[in-house]
Amino acid sequence: MTKKAFIFDLDGVIVDTAKYHYLAWQKLAQQLGIEFTPEHNEELKGVSRVRSLDIILGLGGIKASQEDKNKWLIQKNEDYLSYLVNMDESEILPGVLPVLHYLKDKNQLIALGSASKNARPILEKTGIINLFDAIVDGNDVSNAKPDPEVFIQAAKKLHTANESSFVFEDSVAGIQAANIANMTSIGIGEEKILHEAKYNFKDFTFIDVTFIDSLINKN
């Protein structure tokens, strides 16, 4: 039986650091006099840090120099990292660990495919970095989702064909990236939002071993 590749996004799939991104972006937005709501934050899901800043500046109609943008990006990241200091295994979303351990027990290949530039420290703090056979994050790619670069690189690192790869994603852009790469997309979240995914689950507690086995045994 050929090993399959199981590729996981990070934010909103393995851990919920979206709340920390929101707090850091909100702090910057307030400093710039821009109203930034949880609804606005939804637009930043799966989007790069640079593009996220442009969206927020657009909300306030603010034109800024590249120098100012760079300064704000650094500030936002420092604020975000300050929230991550106390992260531990308790931050892992319900149902994720059993799936990761089951895949390991079945000798399958596991990769991370995330736009986050802080993916490695987060995996270390939550104690699961050793479960991953390959990590591709925002430091390794130049194109943001829905460009499939991050997932294609992950499959290459695992020496696995795209057609034998399964992607767990919580963002529309991520689902689109998986589909463009000709991988099987698995939406984690609201089906009405992630309707382009091949499969949908509200969260990992709804995924059972029968489903995982069906993917492993897929021709």
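Residues numbered from 1 in each chain as written. Predicted model: local features only at pLDDT ≥ 70, side-chain atom pairs only at ≥ 80, totals over all residues. Heavy atoms only, no water.

Participant: I keep staring at the nonpolar core and nothing clicks. Help me out?
Facilitator: One broad trend across soluble globular proteins is that nonpolar side chains are buried collectively. Grouped together as the largest cluster of nonpolar side chains are 38 residues, with contacts concentrated most on Phe 8, Ile 14, Phe 132 and Phe 168. Element by element, the count of residues in this core is highest for helix α5 (residues 96-105), at six residues. With 17 residues, the next largest nonpolar core counts Ala 5, Ile 7, Val 150 and Ala 155 among its residues. (Core = buried A, V, L, I, M, F, W, Y, C linked by side-chain atoms within 4.5 Å. Buried < 20%, exposed > 50% of the residue type's maximum accessible area, 1.4 Å probe, protein only. Helix = DSSP H or I, 4+ residues; strand = E, 2+ residues; numbered from the N terminus.)

Participant: Please clarify how the layout of surface pockets should be interpreted in this entry.
Facilitator: Remark: the empty space left among the atoms is shown by a probe the size of a water molecule rolled over them. One number sums up the size of the largest pocket: a volume of about 760 Å³. Considering the residues around the largest pocket, the lining is formed by 38 residues, among which Val 47, Ser 48, Arg 49, Ala 115 and Ser 116 are closest to the centre. Of all elements in the fold, only α1 (18-31), α2 (38-42), α3 (49-59) and α4 (66-84) reach the threshold of two or more residues within the lining of the largest pocket. Broken down by element, the residue count for the lining of the largest pocket peaks at five residues, all from α1. Counted by class, the lining of the largest pocket contains 13 nonpolar, 14 polar and 11 charged residues. Looking at the second largest pocket, its volume works out to about 490 Å³. Residues of the lining of the second largest pocket, tallied by class, amount to 10 nonpolar, three polar and seven charged. (1 Å grid on protein atoms, 1.4 Å probe; cavity = no way out; pocket = protein on both sides within 12 Å on 5 of 7 lines; lining within 4 Å. Points joined across faces, edges and corners; volume = space filled by probe spheres on them. Nonpolar A, V, L, I, M, F, W, Y, C, P; charged D, E, K, R; others polar.)

Participant: Would you take a moment to explain the packing of aromatic side chains for this structure?
Facilitator: Remark: the centre distance and the inter-plane angle together describe each pair of aromatic rings, the angle taken between the planes. In the structure shown here, the tally under the stated rule is eight aromatic pairs. Here the aromatic rings of Phe 8 and Phe 168 are separated by 4.6 Å at their centres, their planes lie at 15°, and the arrangement is stacked. Residue Phe 8 is found in strand β1 (residues 5-8), and its partner Phe 168 is found in strand β4 (residues 165-169); the two are separated by 160 residues along the sequence. Each of the two residues, Phe 8 as well as Phe 168, counts as buried. Through a chain of ring-to-ring contacts, three or more aromatic side chains come together here, namely Phe 8, Phe 168 and Phe 204. In this structure, Lys 76 is placed above the aromatic ring of Tyr 80, and the distance from its NZ or CZ to the ring centre is 4.7 Å. Positioned above the aromatic ring of Tyr 199 is the side chain of Lys 198, whose terminal nitrogen or guanidinium carbon lies 6.0 Å from the ring centre. (Phe/Tyr/Trp six-rings, centres within 6.5 Å; stacked < 30°, edge-to-face > 60°. Lys NZ or Arg CZ within 6 Å of the ring centre and 35° of its normal.)

Participant: What should I look at first to understand unusual backbone geometry in this one?
Facilitator: Backbone phi values are negative for most residues with the exception of glycine, while trans is the configuration of most peptide bonds. Residues Lys 145 and Pro 146 are joined by a peptide bond in cis, for which omega reads 15°. Looking at where Pro 146 falls in the secondary structure, it is placed in the loop between β3 (134-136) and α7 (149-157). The backbone of Asn 107 sits at a positive phi, close to 60°, despite the residue not being glycine. Relative to the assigned elements, Asn 107 resides in the loop between α5 and β2 (109-113). Here Asn 182, not a glycine, exhibits a phi torsion of approximately 65°, which is positive.

Participant: I would appreciate a short explanation of the pairing of β2 in the present structure.
Facilitator: Regular strands show a simple pattern: their side chains alternate between the two faces of the sheet. For β2, the tally of buried residues reaches five of five residues, placing the bulk of the element in the interior. Alternating residues of β2 divide into Leu 109, Ala 111 and Gly 113 and Ile 110 and Leu 112, and every residue in both groups is buried. Across four bridges, the pairing between β1 and β2 is parallel. Counted as the bridge partner of Phe 6 is Ile 110 from β2. Relative to β3, β2 is paired through three bridges, and the arrangement is parallel. Its bridge partner lying in β3, Ala 111 is registered against Ala 134. Taken together, β2, helix α6 (residues 119-125) and β3 constitute a β-α-β crossover, and its handedness is right-handed. (Pairing = 2+ DSSP bridges. Right-handed = clockwise from strand over helix to strand, strands pointing away.)

Participant: Looking at this model, I keep getting lost on the pairing of β4. Mind explaining?
Facilitator: Among the five residues of β4, five are classified as buried, and the element is accordingly described as predominantly covered. Neither face of β4 is exposed, since Ser 165, Val 167 and Glu 169 on one face and Phe 166 and Phe 168 on the opposite face are all buried. Relative to β4, β1 runs parallel, the two being bridged by four bridges. Residue Ala 5 lies in a different strand from β4, and its bridge partner there is Ser 165. Where β4 meets strand β5 (residues 184-188), four bridges bridge the pair, whose relative direction is parallel. Note that in β5 the partner of Phe 168 across the bridge is Ile 186. Once you follow β4 into helix α8 (residues 172-180) and on to β5, the crossover reads as right-handed.

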